[in-house]
Amino acid sequence: MEQFLERAALFRGQVFPAQSALYERLASHGQSPKALMISCADSRVVPELITQANPGDLFVCRNAGNIVPPFSQANGGVSSAVEYAVMALGVRDIVVCGHSDCGAMKAFSHPEALEKMPNVAAWLRHAHAAHSVVCSCYGHLDDHGRTRALSLENVVVQINHLRTHPSVASAMARGELTLHGWFFEIETGQIQAYNGDTGQFEQVYEGAPLPVAQRPARRMVAADHLGIAAE
């Protein structure tokens, strides 16, 4: 732990002074992050570093496999983070970010590795839909290819789980929330984003439009039937 304490001292002595005004403002006025990012707890994936976010920019929730349990199945940290980010902080974007070489996704190819980790095995049941897709549609791949395919499909599955959360559903119906699916390549530093219109992940390039999973659009499917004017 000595190296972490040394770095903490370095932060306090050399980094913090240059940003002291920002931290003072955040402490006195509270936070108003621009987005919620749900990413893997993998130590190689650091959302704030990947996005070059400043303190206060990003509300982050990290867990094994960048999982978002369906609302009906879990009342825990991820569900609470989603609800708080949308309803209390008013974030307008949520990003589910998977990554290459994901240990959680590798576990599906080697379930024996989880025999002594029942909590991890139970947690990863929320990715079984992605595993089913890979088993039925990607049977020709080797272990490396299957892990990559599973990691990508898992991002889409977790975005679908997000939509089951009441806070997310209502914000989307009001046209106030955009959903994103990202895939971070550890070995290259590149990001691919899920395009909900094409159903494919696309490379993100500087200056180019960002593909999104679900664009903001006000939706009231019963408005015409009930004589309500949709604004």
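Before any of the text, the structure's been laid out above.
The structure reproduced in this document is the subject of the present report. (Residues numbered from 1 in each chain as written. Predicted model: local features only at pLDDT ≥ 70, side-chain atom pairs only at ≥ 80, totals over all residues. Heavy atoms only, no water.)

**Remarks on helix H4 (residues 77-87)**
For H4, the set of buried residues is Val78, Ser79, Ala81, Val82, Ala85 and Val86. Looking straight down H4, one finds that the buried residues subtend no more than 160 degrees of arc, so they occupy a single side. Opposite the packed face of H4, turned more than 90 degrees from it, sit the exposed residues Gly77 and Met87. On its buried face, H4 sits against strand E1 (35-40), strand E2 (58-63), strand E3 (93-99), helix H6 (118-123), helix H8 (143-162) and helix H9 (166-173). (Buried < 20%, exposed > 50% of the residue type's maximum accessible area, 1.4 Å probe, protein only. Helix = DSSP H or I, 4+ residues; strand = E, 2+ residues; numbered from the N terminus. Arc of directions from axis to C-beta. Contact = heavy atoms within 4.5 Å.)

**With respect to the pattern of salt bridges**
Here the structure, examined in full by the defined rule, presents 7 salt bridges. The residue Asp57 makes a salt bridge to Lys34 at a minimum N-O spacing of 3.1 Å. Linking Asp57 in the loop between helix H3 (47-50) and E2 with Lys34 in the loop between helix H2 (20-29) and E1, this pair joins segments that are 23 residues apart in sequence. With its nearest N and O atoms 2.7 Å apart, the salt bridge here joins Arg44 to Asp42. One salt-bridge network, held together by shared partners, links Asp42, Arg44, Asp101 and Lys106. (Salt bridge = Lys/Arg side-chain N within 4 Å of Asp/Glu carboxyl O.)

**Concerning the layout of surface pockets**
Gaps between atoms show up when a probe of the same size as a water molecule is rolled over them. Approximately 220 Å³ is the volume attributed to the largest pocket. Along the walls of the largest pocket sit Lys34, Ala35, Met37, Thr51, Ala53, Asp57, Leu58, Asp93, Val95, His180 and Trp182, which together make up its complete lining. When residues of the lining of the largest pocket are traced back to their parent elements, those giving at least two are E1, E3 and strand E4 (178-184). Partitioning the lining of the largest pocket into residue classes produces 6 nonpolar, 2 polar and 3 charged. (1 Å grid on protein atoms, 1.4 Å probe; cavity = no way out; pocket = protein on both sides within 12 Å on 5 of 7 lines; lining within 4 Å. Points joined across faces, edges and corners; volume = space filled by probe spheres on them. Nonpolar A, V, L, I, M, F, W, Y, C, P; charged D, E, K, R; others polar.)

The values reported here are purely geometric and, on their own, carry no functional implication.
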